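# Results of the structural survey
Now for the letters of each chain:
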Amino acid sequence: MDQRGNQMDSSKYSCSICLDLLRDPVTIPCGHSYCMNCIKDFWDGEDQRRIHSCPQCRQMFVSRPILVKNIMLADLVEELKKTGVQAAAADHCYAGPEDVACDVCTGRKMKAVKSCLVCLVTYCENHLQPHYDVPVMKKHKLVDPSKKLQENICSRHDEVMKIFCRTDQQCICYLCTMDEHKGHETVPAAAERAEKQKELQESRQQIHQKIQDQEKDVKLLQQEMEAINVSADKAVEDSEEIFTELIRLLQKRSSDVKQQIRSQQETEVSRVKDVQEKLEQEISELKRKDAELEQLSHTEDHNQFLLNYPSLPALRESTHSSSINKHPLRHFEDVTAAVSELRDKLQDVLRDTWINIELAVNEVDVLLSEPEPKTRDGFLKYSQEITLDPNTANTKLLLSEGNKKVTLIEQQQSYPDHPDRFTDYNQVLSRESLTGRCYFEVEWRGRGVYVAVSYKNISRAGKSTAAMLGFNSKSWALRCDTNSYMFYNNNIKLRVPGPVSSRIGVYLDHRAGILCFYSVSKTMTLIHRVQTRFTQPLHVGIWLLDVGVSAEFIKVK
């Protein structure tokens, strides 16, 4: 009873953090008590979150409470240590619900320290002693205490399973070898364990090697990430400096134009004012002469009139009004037109070069590209919907099915004039530009068709090769006939083998520079593969060779 009392006392005066008797006990505002160092460490961890709470009741405190040693509780703990430490120590030797109990102990069982694979019994420290003292028992195999020793007993024959059946991949006893496992390949369990242990070690070595290799890769990736960040920061800094310089240049040009306009304005206004002043002087002079003539006209004496009339000076023609209003009043409008033209040219340059800048940014690819798909399902992950651009279609091409199908007909279509239209070849490009990875399929009918990809800036007018899909450096084309395939690029022709099919699959990895053409039926067969470097986004191109030929982009599933 005394021991139980001491046990209860020790649980009452234990710290819920370290689970030991309180050391320098303190009581916090909610009433719970802890070791001073334990609650300090606990709150130190909470300081980062700026909260402080009780580990037991979770009551929150606005500010971190000041800790003061509980003298009365400290005295009680010291008294408990003097009277109950032996009982508490003994109590720790007994098995709890989660412990493995000694099979030999009667009454309250002690904690087990070892299990014997020969005896199939689990022992506490006291009952294990014979295994250290008795010579025969010294040879027994001792392992860490286990609750699963009975799993080593054959449920059919109640014998220890020391044999492994390789046929059925299970442990058996010696009686099983004469019964349901008769004729099976069997070995001692220890021998099988040794072999499996060897395999395990080899597997671990492989794992360790893989860990080392991947740790090296992680280190390389870390270095690469740092290099990317440094390079990106440098590129941002340099580009900002370049754009700032461009802005400064434009601002200077703007200031120069403004200064030139104001200077010319001042000069011209000064000239106009000068002419204006001279004309005003002439007007005054003319008005004075007009007054004299008026006075003379009122002279009643004929002799006086005739006497004074010859003395009037002849009127001089003005020298300042001859050039006035001889041309339209266009002052600085031409300057505005010239600046507008500059703006338009700069916009064209920015638009054309911006694509190259975007491609240069997107081509930064540290990691290796994903491998090319091997199955149709793999290709379908990159499926791209394609529609044709009516503004590029030759006037003999009829678009239908939501601009997904094109057919060559005899009648001219009433398409409006457009600079993107092919004028001499029966060709059309897609609306969509292709970058990254994409896949599409074309179903064709008739005598023959070219399935191609092309840069947008391919020529559209004239009968030169510059406007023919596959016959220049800006396009890549597969010609599909009823019995053969031909690949074209930069006016180079290459006959390629492959089963003729009415459906062609096209896979593009723009960044990796990979372009593949596949014959698609029940299976996919590679017709031709291109490895190059694409410097601009690509558009799908179709070239129909005869009236009635059609090509349609299929929605793949």
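Residues numbered from 1 in each chain as written. Predicted model: local features only at pLDDT ≥ 70, side-chain atom pairs only at ≥ 80, totals over all residues. Heavy atoms only, no water.

In terms of helices and strands, the chain carries 10 helices and 23 strands. Classification of the 557 residues of the chain by burial places 29% in the buried group. Considering only contacts within the chain whose residues lie at least 6 apart along the sequence, 54% involve residues at least 24 apart. If you sum the accessible surface of the chain, you get close to 37300 Å²; carbon and sulfur atoms cover 52% of it. (Helix = DSSP H or I, 4+ residues; strand = E, 2+ residues; numbered from the N terminus. Buried < 20%, exposed > 50% of the residue type's maximum accessible area, 1.4 Å probe, protein only. Contact = heavy atoms within 4.5 Å. Areas by Shrake-Rupley, 256 points an atom, 1.4 Å probe, with all protein chains shown as cover.)

For the rest of this paragraph, the subject is the sheet that holds strand β6 (residues 121-123). The strand order across the open sheet built from three strands is β6-β5-β7, with neighbouring strands paired in antiparallel fashion. Each edge of the sheet is formed by a strand with only one pairing partner; in this case those strands are β6 and β7 (142-143). Pairing geometry for strand β5 (residues 114-116) and β7, over two bridges, is antiparallel. For Ser115, the partnering residue across the bridge sits in β7 and is Val143. (Pairing = 2+ DSSP bridges.)

Let us now look at helix α2 (residues 36-46). Along α2, the positions that sit buried rather than exposed are Met36, Cys38, Ile39, Trp43 and Glu46. Down the axis of α2, the buried set is contained in an arc of 165°. They therefore lie on one face. Pointing more than 90 degrees away from the buried face of α2 are the exposed residues Asn37 and Asp41. Where α2 is buried, its residues touch β1 (25-27), β2 (33-35), β3 (52-53) and β4 (60-61). (Arc of directions from axis to C-beta.)

On to the pairing of strand β22 (residues 538-544), then. Among the seven residues of β22, seven are classified as buried, and the element is accordingly described as predominantly covered. Side chains Leu538, Val540, Ile542 and Leu544 project from β22 onto one buried face, and the interleaved His539, Gly541 and Trp543 project onto a second face that is buried too. Two strands pair when backbone bridges link them, and strand β13 (residues 427-429) and β22 are joined in this way by three bridges, in the antiparallel orientation. If you follow Val428 over to β22, its bridge partner there is Ile542.

The next thing to look at is the side chain of Thr387. In this fold, Thr387 is placed in the loop between α10 (376-380) and β11 (397-400). Classification of Thr387 by relative accessible area gives buried; the value is 13%. Here Glu432 takes part through its side chain, which lies 2.6 Å from a polar atom of the side chain of Thr387. In this structure, Thr387 is in contact with Gly402, Asn403, Lys404, Ser430, Arg431 and Glu432, ignoring residues within four places of it in sequence. (Polar contact = N/O pair within 3.5 Å; in protein donor to acceptor, adjacent residues only side chain to side chain.)

The next thing to look at is the side chain of His131. Take His131: it is sitting in helix α5 (residues 130-133). Its relative accessible area of 3% is what places His131 among the buried residues. Of note is the side chain of His131, whose polar atom sits 3.4 Å from the side chain of His140. What His131 contacts, discounting residues up to four positions off in sequence, is Cys116, Cys119, Tyr123, Met137, Lys138, His140 and Leu142.

So, about the packing of aromatic side chains. For the structure shown, the criterion picks out 14 aromatic pairs. Seen from their ring centres, Trp476 and Phe534 are 5.1 Å apart, and the 85° between their planes marks the pair as edge-to-face. Placement of the pair is Trp476 in strand β16 (residues 475-481) and Phe534 in the loop between β21 (524-531) and β22, with a sequence separation of 58 residues. The exposure class of Phe534 is buried, given its relative accessible area of 1%. Cation over ring: Arg108 sits above Tyr94, and NZ or CZ is 3.9 Å from the ring centre. We note Arg460 situated over the ring of Phe422; from NZ or CZ to the ring centre the distance is 5.3 Å. (Phe/Tyr/Trp six-rings, centres within 6.5 Å; stacked < 30°, edge-to-face > 60°. Lys NZ or Arg CZ within 6 Å of the ring centre and 35° of its normal.)

A few words on the state of the cysteines. The final tally for this structure, using the stated rule, is zero disulfides. No disulfide involves Cys119; its nearest neighbouring cysteine sulfur is the one of Cys116, lying 3.5 Å away. (Disulfide = S-S within 2.5 Å.)

This part is about the UniProt feature "coiled-coil region" (unreviewed entry) in the chain. UniProt records the feature "coiled-coil region" (unreviewed entry) at residues 193-231 and 262-299, using the numbering of this structure. End C-alpha atoms of residues 193-231 are separated by 55 Å, and the span's content is 100% helix alongside 0% strand. Helix makes up 95% of residues 262-299 and strand 0%, and the two end C-alpha atoms of the span are 55 Å apart. (UniProt positions renumbered as here; feature names shortened; annotations may be inferred.)

A separate point is the pattern of salt bridges. Applying the stated criterion across every chain yields a total of 28 salt bridges. Across the pair Arg166 and Glu185 runs a salt bridge whose closest N-O atoms are separated by 3.3 Å. Taken as a pair, Arg166 in the loop between β8 (163-165) and β9 (170-172) and Glu185 in the loop between β9 and β10 (186-188) lie far apart in primary sequence, 19 residues in all. Across the pair Lys345 and Glu341 runs a salt bridge whose closest N-O atoms are separated by 3.4 Å. Here the residue Lys345 and the residue Glu341 both occupy positions in helix α9 (residues 333-362), the gap between them amounting to four residues, near one helical turn. By relative accessible area, Glu341 is classed as partly exposed at 45%. The network of salt bridges with common partners includes Arg166, Glu185, Glu192, Glu195 and Lys196. (Salt bridge = Lys/Arg side-chain N within 4 Å of Asp/Glu carboxyl O.)

Take a negative patch on the surface next. A cluster of acidic side chains, namely Asp233, Glu237, Glu240, Glu241 and Glu245, defines a negative patch on the protein surface. You can call Glu237 partly exposed: its relative accessible area is 49%. (Patch = residues over 30% accessible without salt bridge, like charges linked within 9 Å, V, L, I, M, F, W, Y side chains within 5 Å. Lys, Arg positive; Asp, Glu negative; His and termini not counted. Charge placed at Lys NZ, Arg CZ, Asp CG, Glu CD.)

As a general rule, the predicted coordinates of low-pLDDT regions are not to be interpreted in detail. On average, residues of the chain carry a pLDDT of 86, and 89% of them reach 70 or more. Across the chain, the element-wise mean pLDDT spans from 49 in helix α1 (residues 2-12) up to 97 in β13. Predicted confidence for residues 1-8 stays below pLDDT 50, and this span has six contacts to residues more than four positions away or in other chains. A low-confidence stretch, residues 85-89 (pLDDT under 50), is modelled with three contacts involving residues beyond four sequence positions or located in other chains. (pLDDT = per-residue confidence, 0-100.)

Glancing now at the sheet that holds strand β20 (residues 514-520). Read across the open sheet, the seven strands follow the order β11-β12-β23-β14-β19-β20-β21; overall the sheet is antiparallel. With partners counted over all chains shown, the strands left at the sheet margins are β11 and β21, one partner each. Ignoring which end each strand starts from, the neighbouring axes of this sheet average 20° apart. (Axes fitted to C-alpha atoms, helices over the stretch in contact; angles between N-to-C directions.)

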